[in-house]
Amino acid sequence: GKLVARYHKYNLFLGENQFNYPKKPEAVTFETPFGKFGIFTCFDILFYEPAVVLVSKMQVDTVLFPTAWMNVLPFLTAIEFHSAWAMGMRVNVLAANTHNTSMEMTGSGIYAPAGARTYSYNMKTEDGHLLIAELDAHPRLSPASPPAVSWNSYALSVERFSQNDHEFTGIIFEDLFTFTELTKPGGNLTVCQKNLCCHLSYKMAEKRDDEVYVLGAFDGLHVIEGQYYLQVILWRGLLTLGSLFTGTNLQLCGRKREDNVSLLCRSPSAPFVSNRKNTALMLLLLILLFHNQVLADGRLINRNTTSKPVLTVTLYGRWYEKD
């Protein structure tokens, strides 16, 4: 029953102006026989302080993360974002989400640097769920811990592919993306916005005329429901693009595919991760989550295929200094 730590939320979400917050962010930690713990709340995870400070300066092993997380496609769904944060920061994350299906608040999990150990995502009932899993007390010291990633190492060695004639702009979560359409069953494409470029080499098992796939980039300040600077690369199928396209048959968009897609992303003047003040998260939003591995030079490898369709693959980068 002893109170070991108390934390006051620093980054308030839109609509939380009725709450007060500390004048300076708090880096709250406590020691246990099974590692060093840190605490922050909900919207804090999107910002440098206190979230990144706890990892980079305070060297915590595990983050306790209570949240009322509202799932927003395609980037801000609980399971993908929280597991990606644990992987990118190389710490354990214990995420306990409010369960309120009417507000799209669901998705709790126990995440390790190598991937999710267990999670629950229930939109059908209001029932809670107890999650139990084993974690390494000191994940960065564990032999099973993945190596540190140089996110731009491989991508910077790649020559830029020629841009095509199928570029257009579209709004995703109120941000204006630059898109290029994948018009052929395979090939090489480049999409750029400002200094952020992504080079895509891909091969589809089949490309139908009534299916649309796009590669997009956004490099700018996001100002909806908060203000923070993003660098985002997005690969999507038409299933989640909504009104960006017209006259296309949507009935076939969710069927099984066996595609081979390789994403190589770089930002010449400001890499996704150039120092500890920037972070890049690899977000994989699937009907069924599958295991993936990030190599030390920044490449993503999918070890196991999935029988379910991949809706979107995203590289989601935060540039904290430009907030």
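Keep in mind it's a predicted model, so treat the numbers as computed, not measured.

Conventions used here
- Residues numbered from 1 in each chain as written.
- Predicted model: local features only at pLDDT ≥ 70, side-chain atom pairs only at ≥ 80, totals over all residues.
- Heavy atoms only, no water.
- Helix = DSSP H or I, 4+ residues; strand = E, 2+ residues; numbered from the N terminus.
- Buried < 20%, exposed > 50% of the residue type's maximum accessible area, 1.4 Å probe, protein only.
- Contact = heavy atoms within 4.5 Å.
- Disulfide = S-S within 2.5 Å.
- Patch = residues over 30% accessible without salt bridge, like charges linked within 9 Å, V, L, I, M, F, W, Y side chains within 5 Å.
- Areas by Shrake-Rupley, 256 points an atom, 1.4 Å probe, with all protein chains shown as cover.
- Salt bridge = Lys/Arg side-chain N within 4 Å of Asp/Glu carboxyl O.
- Expected span 1.5 Å × (residues − 1).

A.B. asks: I'm lost on the environment of Lys184 in this one. Help?
C.D. replies: By the element assignment, Lys184 lies in the loop between strand 8 (175-181) and strand 9 (186-193). You can call Lys184 exposed: its relative accessible area is 54%. In this structure the C-alpha to C-alpha distance between Lys184 and Lys203, which are 19 residues apart in sequence, comes to 8.8 Å. Not counting the four nearest positions on each side in its chain, Lys184 is found in contact with Tyr202, Met204 and Lys207.

A.B. asks: Which parts of the structure should I look at to understand the state of the cysteines?
C.D. replies: When the sulfur atoms of two cysteines share a covalent bond, that bond is a disulfide. Considering all chains together, one arrives at 1 disulfide under this definition. Paired through a disulfide, Cys192 and Cys197 show a sulfur-sulfur distance of 2.1 Å. Looking down the S-S bond of the Cys192 and Cys197 bridge, the torsion is 110°, so its handedness is right-handed. Taking the relative accessible area as the measure of exposure, Cys192 reaches 13% and is therefore buried.

A.B. asks: What is the right way to look at a nonpolar patch on the surface in this model?
C.D. replies: The grouping of Tyr119, Tyr121 and Met123 at the surface amounts to a nonpolar patch, some 270 Å² of accessible area in total. Within the fold, Met123 resides in the loop between strand 6 (115-120) and strand 7 (167-172).

A.B. asks: Help me understand helix 1 (residues 48-56) in this model?
C.D. replies: For helix 1, the buried fraction is high: 8 of the 9 residues fall into the buried class. Among all positions of helix 1, only Tyr48, Pro50, Ala51, Val52, Val53, Leu54, Val55 and Ser56 are buried.

A.B. asks: Honestly, helix 2 (residues 78-89) in this entry has me stumped. Any pointers?
C.D. replies: Between the first and last C-alpha of helix 2 there are 16 Å, a value that for 12 residues agrees with the 16 Å anticipated at 1.5 Å per step. Burial analysis of helix 2 places 10 of its 12 residues in the buried class, which makes it a mostly covered element. Of all the residues in helix 2, the buried ones are Ala78, Ile79, Glu80, Phe81, His82, Ser83, Ala84, Trp85, Ala86 and Met89. Remark: Arg90 follows helix 2 within two positions and exhibits a positive phi of approximately 60°.

By themselves, these observations are geometric and do not establish any function.
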